[in-house]
Amino acid sequence: VSTFWAERANLAQAAGVWRWNMVLDPGIGFAKNSDHNFEIVQRLDYLNRSPAAAGYRFSNPILFGGSRKRFVRGAFEHQPTREE
């Protein structure tokens, strides 16, 4: 995710978008499984504060669109056991 952000941020800057006008979106739920989504959620601060592979250090706001996501519902659904 951080590499993707860095590549896109560099392209946006090259097109004239100021860095402080960018909001980063990790794309929760898009082309990711539940494990990937939870890892992103757990590491949002790391993603925003550490340098990416492309050398871009982020400090931008993060847009987290977690509403109505299947992975959130799945984490809280009761999974009955055979004994129940």
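Scroll up to find the structure.
Model, not experiment: these values are computed from the prediction.

*Asks:* What is the right way to look at helix α1 (residues 2-14) in this model?
*Replies:* Every α-helix winds through 3.6 residues per turn, so residues three or four apart in the chain are directed the same way. The terminal C-alpha atoms of α1 lie 18 Å apart, and with 13 residues this matches the ideal 18 Å at 1.5 Å per residue to within 8%. Of all the positions in α1, only Ser2, Trp5, Ala6 and Ala9 are classed as buried. The buried residues of α1 occupy an angular sector of 100° when projected down its axis, which confines them to one face. Of the residues in α1, the exposed ones pointing more than 90 degrees away from the buried face are Leu11 and Ala14. Trailing α1 by a residue or two, Gly16 shows a phi angle of about 100°, which is positive.

*Asks:* Is there a simple way to think about the pattern of salt bridges in this case?
*Replies:* Two side chains with opposite charge may pair up if their charged atoms get near one another. A complete count under the given rule lists one salt bridge for this structure. The residue Arg43 makes a salt bridge to Glu39 at a minimum N-O spacing of 3.1 Å. Residue Glu39 is classed as partly exposed on the basis of its relative accessible area, which comes to 38%.

*Asks:* Where do I start with the packing of aromatic side chains in this structure?
*Replies:* Think of a pair of aromatic rings as described by two things: how far the centres are apart, and how the planes are tilted against each other in angle. In the structure shown here, the tally under the stated rule is one aromatic pair. Here Trp18 and Trp20 contribute two aromatic rings whose centre-to-centre distance is 4.9 Å and whose plane-to-plane angle is 15°, an arrangement assigned as stacked. For the pair Trp18 and Trp20, one class covers both residues: exposed.

Criteria and thresholds
- Residues numbered from 1 in each chain as written.
- Predicted model: local features only at pLDDT ≥ 70, side-chain atom pairs only at ≥ 80, totals over all residues.
- Heavy atoms only, no water.
- Helix = DSSP H or I, 4+ residues; strand = E, 2+ residues; numbered from the N terminus.
- Expected span 1.5 Å × (residues − 1).
- Buried < 20%, exposed > 50% of the residue type's maximum accessible area, 1.4 Å probe, protein only.
- Arc of directions from axis to C-beta.
- Salt bridge = Lys/Arg side-chain N within 4 Å of Asp/Glu carboxyl O.
- Phe/Tyr/Trp six-rings, centres within 6.5 Å; stacked < 30°, edge-to-face > 60°.

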